[in-house]
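# Structural features, examined
Residues per chain are reported as follows:
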Amino acid sequence: MELREALRQISEIRACVARSEMFRGYRSATVGFSAVIGMIAAAFQSQWVATPATDLGRYLVGWVSVAAVSVIVVAAEFIWRSEINGAGRSRQMTRLAVEQFAPCIVVGALMTLSIYRYAPQVGWMLPGLWALIFGLGVFASYRLMPRQVFWVGAYYIACGCGCLQWGQGGNAFSPWLMFITFGGGQLLSAAILYWYLERPDAR
């Protein structure tokens, strides 16, 4: 009985340590903001580029700008919270989170540039490939997050496969691909962050 009690206490201690090590730099407000601007961009896509298949550069400028704004907002949140919390474990966790997610951003940027320069005929695949790479980034960093974030990564992977399957022909570059994939994925992320990290009962 003493052994069982000791094991139970050890399990509780480990759970407390895991909660204390959870990265809290991502916030539901900033993630939700990225979802909103992505949805707005999808709604107005046809106005800034009528035929993406023949004007891939303009299409990319629009969506890369949306991604850049989202990254800047999240980075500003990281910096602000790092300054508030000061040096120590918080900054180490921020650095680790960036190191885990940054490769997917770099790979996505290089892939996009390569397709634009050397294979624009397969540009219709970009929404699906973006989603797959982003999903891998989520999987790479979700261990620092609430375990439910796993389903965000799964959502992006599923949407990426769906975009590659159904985003061809007449559906190529459809704004609904980005609306559902990234708008929905970021809204799901924001909901999970709020429910499991930020609401009073979760602390």
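Remember, predicted model here, so these are calculated numbers, not experimental data.

## Some details on unusual backbone geometry
One non-glycine residue, Phe 173, lies in positive phi territory at about 65°. On the secondary structure map, Phe 173 appears in the loop between helix H7 (150-166) and helix H8 (175-198). Classification of Phe 173 as buried rests on a relative accessible area of 7%.

## Quick look at the state of the cysteines
Using the criterion set out here, one finds 0 disulfides in the structure. You can see Cys 161 has no disulfide; the closest cysteine sulfur is in Cys 163, sitting 9.3 Å from it. Judged by its relative accessible area of 43%, Cys 161 is partly exposed.

## With respect to the confidence of the model for the protein chain
In this model, the protein chain carries a mean pLDDT of 87, and residues with pLDDT of at least 70 account for 87%. Per-element mean pLDDT across the protein chain ranges from 63 in helix H1 (residues 2-20) up to 97 in H7.

## Section: the nonpolar core
Residues Phe 23, Tyr 26, Tyr 59, Trp 63 and Trp 130 are the most contacted members of the largest nonpolar core, which totals 39 residues. Breaking this core down by element, the ones donating at least two residues are helix H2 (28-43), helix H4 (56-85), helix H5 (89-118), helix H6 (126-141), H7 and H8. Discounting chain neighbours no more than four positions away, the residues touching Trp 63 are Gly 38, Ala 41, Ala 42, Gln 45, Trp 48, Trp 130 and Met 178.

Parameters at a glance
- Residues numbered from 1 in each chain as written.
- Predicted model: local features only at pLDDT ≥ 70, side-chain atom pairs only at ≥ 80, totals over all residues.
- Heavy atoms only, no water.
- Helix = DSSP H or I, 4+ residues; strand = E, 2+ residues; numbered from the N terminus.
- Buried < 20%, exposed > 50% of the residue type's maximum accessible area, 1.4 Å probe, protein only.
- Disulfide = S-S within 2.5 Å.
- pLDDT = per-residue confidence, 0-100.
- Core = buried A, V, L, I, M, F, W, Y, C linked by side-chain atoms within 4.5 Å.
- Contact = heavy atoms within 4.5 Å.

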